[in-house]
Amino acid sequence: RHNNRNYYSRGIQSVLGVTHNTGRVRHAMEFGVRYHEDEEDRLQAEDLYQMVDGRLVLGQIGAPGSQSNRVSDAQALAFFAQDRITFGDWTLTPGVRFETIDFTRRDFAGDDPTRSAGPTRVRENGVDVWIPGIGVDYQINTSDRVFAGIHRGFAPPGAGAAPETNPEKSTNYELGWRRNRGPLSFEVIGFFNDYENLLGTETVAGGGGTAGDQFNGGAVDVQGLEISAGYELGGARHWPVSVPLRLAYTYTQSEFKTSFESDFADWEPQVEAGDELPYLPENQLNASVGVVASRWGLHLNANYQAAMRTTPGQGAVPSDEGTDSRVLFDLSADYTLLSRYRIFASLRNLTDETYIASRRPYGLRPGLPRTLLVGFSATF
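To start, this report covers the structure provided alongside it. Source: prediction; values computed, not measured. (Residues numbered from 1 in each chain as written. Predicted model: local features only at pLDDT ≥ 70, side-chain atom pairs only at ≥ 80, totals over all residues. Heavy atoms only, no water.)

Our focus in this paragraph is the environment of Ile189. Positionally, Ile189 belongs in strand 10 (residues 184–197). Each C-alpha atom of the pair Ile189 and Val317 lies 27 Å from the other, and the pair is 128 residues apart in sequence. Residue contacts for Ile189: discarding those within four places in its chain leaves Phe147, Glu174, Leu175, Gly176, Gly224, Leu225 and Glu226. (Helix = DSSP H or I, 4+ residues; strand = E, 2+ residues; numbered from the N terminus. Contact = heavy atoms within 4.5 Å.)

This is how it looks when you write it as structure tokens:
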């Protein structure tokens, strides 16, 4: 498939900041306005190949626009206000955002690449939404602080969504503790995301129906724990180089709260209340060590991801409905020349691990094999 698409994105925004004190209370207020518009123009074709004696043979060349011929655009106007209120060791940050979005999608005939006949169908929809949130932070001492937040989540349906498709809404909670003391840093965060309506979007890569179609998934809970730690070994030992050590772990649980039938590729054909979300690993762990000098750096990274289910379900993951657990090692290096120029290289999947990364589209998909990337950057 020739994914022949043109895009543009443009807009303007402005923010006004105002600070003032009310007794011992300090206010740092922000007021903002933003206008944004974007467009996606598809004129796609699909060529057909046949496998003959182990070789791909071109059988048919697709005409421009025969696979997809459409233009989608959106205009959005947003306003927001926020106040960072500080009193003693406390910081309170309430805020609210209002956004209005208008979508239009124009479909043209597959045999009309010049679009001279005009659109065969026009879809329009729009959404207005208020998005509030509040965060609180308490500085226990010079090293430790605790924080919490409640924020509204929102994702609009796209230009091609059916009229009955509802936007995604959620209420997201977090509670955490952070410590920074000398070479040691540590953070633990608990989170709970309460989706009123999860939104699923069909993609070509997913191998489902029409790309861009959207589906409502109803109420879903996602909760978990994130723990991260870092230690600057070189600084603690007064070495001439920096030796950063990093460790991060994420535990995630998910659950559909309602039962429904679905034509969405990731959820079909049936979701039962209590099912877990597909393609969301329960356990993830990342560890890295580096050696960094003034002009060069070397980093080794290890990443573990548990097996995850590829269809909604409960209990143990069936062998034919899941991915492999895997541990991947990446090695990267960079060197700076004359302060402006940088050479860098990355060797991904250092041990050339073979594993199942996905079962979409159309069956098993392997993970990335050992891959070397080399680059050069310049700053002016």
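The two faces of the sheet receive side chains in turn, since in a regular strand these alternate between them. Here 10 bridges tie strand 18 (residues 296–305) to strand 19 (residues 326–337), and the two strands are oriented antiparallel to one another. Looking at the pairing, Ala302 lines up with Phe329 of strand 19. Sheet topology places strand 19 next to strand 20 (residues 341–348); 7 bridges connect them, and they run antiparallel. Paired with Ala333 across the two strands is Ala345, which belongs to strand 20. Between strand 19 and strand 20, which pair antiparallel one after the other, the connecting turn spans 3 residues, and Leu338 there sits at a positive phi close to 55°. (Pairing = 2+ DSSP bridges.)

Throughout the structure, instances matching the rule amount to 10 aromatic pairs. Between Trp90 and Tyr138, the ring centres sit 4.6 Å apart and the planes meet at 40°, which makes this aromatic pair tilted. Taken as a pair, Trp90 in strand 6 (residues 90–107) and Tyr138 in strand 7 (residues 121–139) lie far apart in primary sequence, 48 residues in all. The partly exposed category is assigned to Trp90, whose relative accessible area is 40%. One aromatic cluster in this structure is built from Phe215, Phe256, Phe260, Phe264 and Trp267. (Phe/Tyr/Trp six-rings, centres within 6.5 Å; stacked < 30°, edge-to-face > 60°. Buried < 20%, exposed > 50% of the residue type's maximum accessible area, 1.4 Å probe, protein only.)

For the rest of this paragraph, the subject is the side chain of Arg309. If you trace the backbone, Arg309 turns up in the loop between strand 18 and strand 19. One polar contact links the side chain of Arg309 to the main-chain carbonyl oxygen of Gly315, over a distance of 2.7 Å. Once you skip the residues sitting within four places of it in the chain, Arg309 turns out to touch Glu276, Leu277, Pro278, Tyr279, Gln314, Gly315, Ala316, Val317, Pro318, Glu321 and Gly322. (Polar contact = N/O pair within 3.5 Å; in protein donor to acceptor, adjacent residues only side chain to side chain.)

So, on to the pattern of salt bridges. Evaluated as defined, the whole model comprises 17 salt bridges. Between Arg97 and Glu99 there is a salt bridge; the shortest N-O distance is 3.2 Å. On the basis of relative accessible area, Arg97 is assigned to the partly exposed category, the value being 27%. A relative accessible area of 13% places Glu99 in the buried class. A salt bridge links Asp144 to Arg179, with the nearest nitrogen and oxygen atoms 2.7 Å apart. Residue Asp144 is located in strand 8 (residues 144–155), and its partner Arg179 is located in strand 9 (residues 168–181); the two are separated by 35 residues in the primary sequence. (Salt bridge = Lys/Arg side-chain N within 4 Å of Asp/Glu carboxyl O.)

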